[in-house]
Amino acid sequence: MTQIRRTRSGGRIDRSQPVRFTFDGRELTGFAGDTLASALLANDEHLVGRSFKYHRPRGILTAGSEEPNALVGVTRSPGSGTPNLRATQVELHEGLSARSQNRFPSLGFDIGAVNDLLSPLFVAGFYYKTFMWPKSFWNRVYEPFIRAAAGLGVAPTAPDRDRYANRYAHCDVLIAGAGPAGIAAALSAAEVGARVILADEQAEMGGALLHETGATVERQPADRWLEAALAELAANPRVTLLLRTTAFGYFNHNYIALGERVTDHLAVPDPDLPRERLWQVRARQVVIAAGSIERPLVFPENDRPGVMLAEAGRIYANRYGVLPGRSIAVATACDTAYRAALDIHAAGGSIAVIADLRERPDEALVAEARAAGIRVETSCVVTGVLGRKRVRSVLLGRLRSGSVTAAGTVNADCLLMSGGWTPNVSLHSQSRGKLVWDAERGAYLPGAAVQAERSAGSCAGVDGLAAVLADGAHAGAEAAREATGTAHAPRQIVAEGGEAGIGWVLGALPHDRDAARVRAFVDYQNDVTAKDVKLAVREGMHSIEHIKRYTTTGMATDQGRLSNMNALSIASTALNRPVPEVGLTTFRQPYTPVSFGTLATTSRGDLFDPVRKTPIHGWAAGQGAAFEDVSLWKRAWYFPRGGEDMHRAVERECRTVRESVGLFDASTLGKIEVVGPDAAEFLNRIYTNPWLKLGPGRLRYGLMLNEAGFIMDDGVVGRLAEDRFHVTTTTGGAPRVLAHMEDYLQTEWPDLKVWLTSTTEQWAVIAVQGPKAREAIAPLVDDIDLATEALPHMSMREGHVMGGIPCRLFRMSFTGEAGYELNVPPSRAREVWEAVWANVEKLGGCAYGTETMHVLRAEKGYIIVGQETDGTVTPDDVGMSWAIGKKKRDFVGMRSLARPDLVAEGRKQLVGLLTRDGTALLEEGAQITREAVPALKTPALGHVTSSYVSPAAGRPIALAMIADGRARMGETLHVPMPEGAITVEVVPPVFVDPEGARLNV
Amino acid sequence: MLLIQCPYCAVERPELEFRYGGEAHIARPESPSELTDEQWADFLYMRSNPKGVMAERWRHVHGCGRFFNALRDTVSDRFLAVYKAGEPRPAIEVSAPAAPNKETGR
């Protein structure tokens, strides 16, 4: 069986290039220029999928991106590929491997089809009803069952190896859709010299011109004129033509997302090309030329393979040289189906009947059809089809004053249908433009634009080729004039043929069948029937938004482009309210499904986030350090030696720092240089601490609150001079703190003469901590007296190290040991580090990482903002009232500290915890309760914020925030865990050297 | 994504370059200590959240770094005006009924 439905000649396929492909493993042949759908039809394959809910056999309904049934998976290599592609959009290439979906074990015999027999269980809203009882079944039975049954395609199992690209573009006029209206718009806009982007989702531009074989444009055959028009546009350097590119999202301020499918249609793609490309376009003006979509008729069994939209049948015949069946019946309420029947007839197809719902269709068309030997029945309705996996025959009924009587059966293996045309208003709706109901046409049309856009051609309700071309040309000229300010008359384009599509019908058709037994589908992809919509109304869903969600109509990937108007009409009849009063759901982005790759573009793996490394990073990596992520920074976490695990390495590092000396890379600390005559006054207002009297050369720990009185950051601040401060922030807080400072400086106190500069990456910071810290650095310091009398704890000097390297030398500690921080230029940091390291090694010291830093500071009860605090913690809560300048008139957050709830009893306060058994390590975040086994719903007293094994204390220690914690010293509390509660004692939060004597050695 | 005009740079740039800064014209009181708890809570937390024209702060954070004010219609997302910090709110009619604007200070 090879392409038995292929016409002898005609179409835009290349008959000299046969293309082999497989469908469900079977080898088939098509031609270059085919889509998967047209190639399957050429081989008389209509059954291509199973439906979502009932697993009913489904065929190819359309020839475009609105296809609801023919969804296939295309495999590129084992484990990778794309599910749920519309066969009507998959271009055939040599070796294409496609599979049908939602069937087991095979497309022809599918066990899930039992759902079709059980369909009374699966009516609208069935999941709200069927799975309600017993309650315990939900987690164990119902949900796993629904999850396994839901969904159509199978997600790929292997990581996506393809590349996805991203591109930004600007243009004067973006035109979405390259049918006759879009091309006419592009020609007119380009004439003015506008920068134009013309995008079309298909493999060829031209839209209806590609199958309007009888029409002429500018006295040439339509395809000839199309070729010349596209050549003219392609030759214009200001015009960008984008094929296989869908305008899938219309966002604020004329920002439009285009998805370009670059290589999927190629048998052997260029490895340098991305698979897909996201275009982010900012257009001054947009012309939407999205065309219109033919509407299915809603009659019993309207979903059988072989039932197809009339214009789709015409497209397959004229553009692809494929007859959609051996014997074809046509059911219509619209004139355009006559053209389909006549074209298929001319191509050698056999038209069994044209059943026209209307009593008096256009006489000329009827005469033309009859002259061609086609039987035409008027006032004639399709009442069903026979055949399960393929239409066998069509049931006709005679319409007389609203009632239907049987009018015989017609043998046919294909039924083409047309309920008229629905203007494609998706993009207009996405742009937030309103829609207006046109009762004459039975259609919603684009109303007033909210953004700089206009719809042109049949998506704006314009009918007939000549009118569409004229409307497109006018829209293009108009858009170009508004974008560029240059006016130009629209291109005049003469056309004949491509008649207007007069006639339409909405909603479920009347029939003479047993209403209880037959089903007429409204939304094919989500398996929603006319009965479901009526049921939803009966069950109280009166808003279209509720009907949509209850029945899922219009929620499939076509977003209701095929189904909405029929569903709306059925709901309107059931509610006995006119259509416009029922309302319309909103069309949302994306227009058609978009791959995750297109949305992620290059932001994957190493490129997902920038990585920040300190100048010491390479040295630490060379020493075998383990790293942890702190905001975007990579920080050395610990330095294992000789097979140590983290626990052993950290214990050794902690002991070494307290016994001799440790070297720590603190370069990631945020740094801000605050300069100006009012610098001290500024800091006085920003921090809780007093700054006016801090002498040059002195350091002070600064605590920063937000205006609500909660701790937002902390850090040590050094005064370099009367008008110059070196501020440090937490590693993750630097941008936030600078923004906070800028905010107050610019908007509240613009009178202060202060300048703020981020210097985080201007200074690398080498922290040397421990009793031998001075010995380790002394040989390297050129011109600073390190004696405690000259440089006491919390003081600083500017000078040089290693023969002239500038250094801001801080004497400070975050470990409880005496220590120094050398701020040196990053370009010299590695050099200085290695020199210090040589001394540290001689003294028996070590390098330590962030984990040891955390343990050492916790042993001293120093808080970490974001660990002990969570944005609801005041200075007093963590025992830091001492950091508040008592004589200050005002600072950011000060007034809030007096608010009633911030001074109330029962606030959580920072305490230490020791476990009763002395060995259990508490879990950070664990809750703390009074009772070992508290009654259900007992509020916790607080939670563990930090927990480590402390080498100095010789046991695990923890910090915690506990209600009224400072009044609970010595109390026994409990930390309930899954294995049983851990008994803890509340102690002061300082575990090592509470007097601070070690700081001053 | 919005397009926003920075009144300092006098250029239109995508929203990505900017950071939103909440409602504009809510000046920090000169002497917070003299305010009652209610007045202070009002300053801290109460915002007008209008449907229609809203005066709001933006910062051209990935550009010049300056804070400025803008009038934006919260219904259409259109910017009606941008102006420098410290300049008065331009007189533009409110298109939809808005809650009373809470303005303190300048």
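Basis of the calculations
Residues numbered from 1 in each chain as written. Chains lettered and ligands numbered in written order. Predicted model: local features only at pLDDT ≥ 70, side-chain atom pairs only at ≥ 80, totals over all residues. Heavy atoms only, no water. Axes fitted to C-alpha atoms, helices over the stretch in contact; angles between N-to-C directions. Helix = DSSP H or I, 4+ residues; strand = E, 2+ residues; numbered from the N terminus. Parallel < 35°, antiparallel > 145°, perpendicular 65-115°, else oblique. Left-handed = near helix turned anticlockwise from the far one by under 90°. Contact = heavy atoms within 4.5 Å. Pairing = 2+ DSSP bridges. Patch = residues over 30% accessible without salt bridge, like charges linked within 9 Å, V, L, I, M, F, W, Y side chains within 5 Å. Areas by Shrake-Rupley, 256 points an atom, 1.4 Å probe, with all protein chains shown as cover. Salt bridge = Lys/Arg side-chain N within 4 Å of Asp/Glu carboxyl O. Buried < 20%, exposed > 50% of the residue type's maximum accessible area, 1.4 Å probe, protein only. Polar contact = N/O pair within 3.5 Å; in protein donor to acceptor, adjacent residues only side chain to side chain. Nonpolar A, V, L, I, M, F, W, Y, C, P; charged D, E, K, R; others polar. Domains from an automatic or database assignment. Buried area = accessible area lost by both parts, 1.4 Å probe.

(A) Representation of the packing of helix α5 (residues 180-191) of chain A against helix α6 (residues 222-235) of chain A. All names here are of chain A. Relative orientation of the contacting elements α5 and α6 amounts to 40 degrees, with a least axis distance of 10 Å. Judged by the angle between their axes, α5 and α6 are oblique. The two elements α5 and α6 meet at a crossing, and its hand is left-handed. Contact residues: Ile183, Ala186, Leu187 and Ala190 in α5; Trp225, Leu226, Ala229, Leu230, Glu232 and Leu233 in α6.

(B) Quick look at the sheet that holds strand β22 (residues 393-400) of chain A. All names here are of chain A. The 3 strands lie next to each other as β21-β22-β23, forming an open sheet whose pairing is antiparallel. Each edge of the sheet is formed by a strand with only one pairing partner; in this case those strands are β21 (380-386) and β23 (403-411). Direction aside, the axes of adjacent strands within the sheet are offset by 30 degrees on average. Across 6 bridges, β21 lies against β22 in antiparallel orientation. From the neighbouring strand, Gly384 faces β22, where its bridge partner is Leu395.

(C) Fine view of a nonpolar patch on the surface. Residues and elements named next belong to chain A. The grouping of Phe104, Phe109 and Ile111 at the surface amounts to a nonpolar patch, some 370 Å² of accessible area in total. Structurally, Phe109 can be placed in the loop between β7 (96-99) and α2 (114-117). Overall, Phe109 belongs to the exposed group, its relative accessible area being 55%.

(D) View of the environment of Asp993 of chain A. Residues and elements named next belong to chain A. Locating Asp993 in the fold gives a position in the segment after β50 (982-987). Note on Asp993: relative accessible area 13%, which makes it buried. Excluding residues that lie within four positions of it along the chain, Asp993 makes contacts with Gly816, Lys860, Arg998 and Leu999. In terms of polar contacts, Asp993 uses its side chain to reach the backbone amide nitrogen of Arg998, at 2.9 Å.

(E) Region of the structure containing the pattern of salt bridges. Counted according to the given criterion, the structure contains 67 salt bridges over all chains. Across the pair Asp629 of chain A and Lys634 of chain A runs a salt bridge whose closest N-O atoms are separated by 2.6 Å. Its salt-bridge partner being Glu707 of chain A, residue Arg28 of chain B comes within 2.4 Å of it at the nearest N-O pair. A residue pair is termed interchain when its members come from two chains, as with Arg28 of chain B in the loop between β3 (19-23) and α1 (37-45) and Glu707 of chain A in the loop between β36 (699-705) and β37 (711-721). Exposure class is identical for Arg28 of chain B and Glu707 of chain A. Each is buried. Counted as one network, the salt bridges with shared partners bring together Arg56, Arg58, Asp116, Asp303, Arg388, Arg519 and Asp527 of chain A.

(F) Broad picture of the packing of α5 of chain A against helix α11 (residues 465-484) of chain A. Residue and element names in this part refer to chain A. Running from N to C, α5 and α11 cross one another at 40 degrees; their axes reach a closest spacing of 7 Å. Considered as vectors, α5 and α11 are oriented oblique to each other. In this structure, α5 meets α11 at a crossing whose hand is right-handed. On the side of α5, the interface is formed by Pro180, Ala181, Ala184, Ala185, Ser188 and Ala189, while α11 contributes Leu465, Val468, Leu469, Gly472, Ala473, Gly476, Ala477 and Ala480. By residue class, the composition of the contact of α5 with α11 is 11 nonpolar, 3 polar and no charged.

(G) Geometry of the domain arrangement of chain A. All names here are of chain A. Here chain A is partitioned into domain 1 (1-154), domain 2 (164-292 + 423-487), domain 3 (296-419), domain 4 (519-587), domain 5 (665-842) and domain 6 (895-1000). The interface of domain 1 with domain 3 comprises 31 residues on the first partner and 26 residues on the second. Summing the contributions of domain 1 and of domain 3, the shared interface buries around 2,300 Å²; its carbon and sulfur component is 57%. By the criterion of area lost to domain 3, the three top residues of domain 1 are Arg5, His46 and Leu61, representing 27% of everything that side buries. Counting across the domain 1 and domain 3 interface gives 4 salt bridges. Measuring nitrogen to oxygen at the nearest pair gives 3.0 Å for the salt bridge that ties Asp303 to Arg58. Viewed at the interface, domain 3 and domain 1 are joined by 12 residue pairs in polar contact (both at pLDDT 80 or more). Sorting the residues of the side of domain 1 that touches domain 3 by element identifies α1 (36-42) and β4 (57-58) as the ones contributing at least two each.

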